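Next come the chains, spelled out residue by residue.
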Amino acid sequence: MSHAANDYQAFREALGNDVQPLKKGRDKVAMVRAQTSPSDAQLARRESALQTNEDERDFLSDEFVDLVGAHDPIEFRRDGIQIGVLERLRHGGYTAEARLHIMRMPVIECRRAVFGFLRDAYEHDLRSVLIVHGRARDDDGHANIVRSYLNHWLRQFEQVQAFSTAPPQQGGMGATFVMLRKSDRARARNRERQQKRRG
């Protein structure tokens with residue numbers, strides 16, 4: 001018996017008697033699938049995924065940033081925002097309506113957390129929030145890298161009116177106060193209240 005015949009015989013014995021060959025004409029997979037429309041749940045998940053991807057692409061960037069000095073405060077105000085708003089932020093004159101702690105988180109996670117936090121704060125009509133990022137001794141320390149990115153990201157978020165390093169009693173260089181603009185909904189409520197007062 002040849003070597004090939006021995007292999008075939010061993011293969012047949014390994015299969016046993018329960019294995020049957022495919023019938024003629026049934027040895028191919030049907031490549032045509034019936035088209036089914038996606039369910040409402042699948043459509044909602046797809047829309048949510050697309051929205052999330054668009055949101056993350058459209059706002060904050062991970063591009064290289066110049067490092068802020070570890071001992072230098074950060075601050076910013078948009079055109080049209082009074083200097084008094086920034087002064088009040090610097091001195092902790094606004095109560096933090098929400099806080100985000102991003103200490104020791106990787107930069108990419110900080111980016112996602114900051115984006116989601118600011119978006120949610122704005123949607124819930126919060127005006128003053130505090131982001132706690134920690135403080136580094138050196139310019140290239142992790143907390144200062146995160147703070148440098150935060151300085152960059154907050155300027156990209158159009159709902160941010162102003163921001164400033166927190167006063168010492170509220171975190172100092174390790175935290176940043178952020179002032180968000182009023183949402184259209186909040187402005188409409190203010191107009192209604194003012195009209196009621198006037199009679």
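Cut-offs and rules
Residues numbered from 1 in each chain as written. Predicted model: local features only at pLDDT ≥ 70, side-chain atom pairs only at ≥ 80, totals over all residues. Heavy atoms only, no water. Axes fitted to C-alpha atoms, helices over the stretch in contact; angles between N-to-C directions. Helix = DSSP H or I, 4+ residues; strand = E, 2+ residues; numbered from the N terminus. Parallel < 35°, antiparallel > 145°, perpendicular 65-115°, else oblique. Left-handed = near helix turned anticlockwise from the far one by under 90°. Contact = heavy atoms within 4.5 Å. Nonpolar A, V, L, I, M, F, W, Y, C, P; charged D, E, K, R; others polar. Core = buried A, V, L, I, M, F, W, Y, C linked by side-chain atoms within 4.5 Å. Buried < 20%, exposed > 50% of the residue type's maximum accessible area, 1.4 Å probe, protein only. Polar contact = N/O pair within 3.5 Å; in protein donor to acceptor, adjacent residues only side chain to side chain. Patch = residues over 30% accessible without salt bridge, like charges linked within 9 Å, V, L, I, M, F, W, Y side chains within 5 Å. Areas by Shrake-Rupley, 256 points an atom, 1.4 Å probe, with all protein chains shown as cover. Salt bridge = Lys/Arg side-chain N within 4 Å of Asp/Glu carboxyl O. Expected span 1.5 Å × (residues − 1).

Draft legend 1. Inspection of the packing of helix H4 (residues 107-123) against helix H5 (residues 142-156) at higher detail. Where H4 contacts H5, the two axes come as close as 11 Å, and the packing angle between them is 40°. Judged on the interaxial angle alone, H5 and H4 are oblique. In this structure, the crossing between H4 and H5 has a hand that is right-handed. For the pair H4 and H5, contact is made by Val107, Cys110, Arg111, Val114 and Leu118 and by His142, Ile145, Val146, Tyr149, Leu150, Trp153 and Leu154, respectively. Considered class by class, the residues forming the contact of H4 with H5 number ten nonpolar, one polar and one charged.

Draft legend 2. Broad picture of the nonpolar core. Of all hydrophobic cores here, the largest spans 27 residues; its most connected members are Ile102, Val114, Leu118, Ile131, Leu154, Val160 and Val178. Taken together, the elements giving at least two residues each to this core come down to strand S2 (98-101), H4, strand S3 (128-132), H5, strand S4 (160-165) and strand S5 (175-180). Among the elements that make up this core, the one with the highest residue count is H4 (six residues). Dropping the residues within four chain positions of it, Val178 is found in contact with Leu89, Leu118, Arg127, Ser128, Val129, Ile131, Leu154, Val160, Ala162 and Phe163.

Draft legend 3. Looking closely at the side chain of Asn144. With respect to the helices and strands, the residue Asn144 is situated in helix H5. Of note is the side chain of Asn144, whose polar atom sits 3.1 Å from the side chain of Arg147. Those residues in contact with Asn144 that lie beyond four places of it in its chain are Val68, Gly69, Ala70, Ala136, Asp138 and Asp139.

Draft legend 4. A look at a nonpolar patch on the surface. Together, Tyr8, Phe11, Leu15 and Val19 make up a nonpolar patch on the protein surface, roughly 390 Å² of accessible area in all. Under the relative-accessibility criterion, Leu15 is labelled partly exposed at 31%.

Draft legend 5. H4, seen in detail. Between the first and last C-alpha of H4 there are 24 Å, a value that for 17 residues agrees with the 24 Å anticipated at 1.5 Å per step. Those residues of H4 lying buried are Cys110, Arg111, Val114, Phe115, Gly116, Phe117, Leu118, Ala121 and Tyr122.

Remember, this is a structural readout, not a statement about activity or role.
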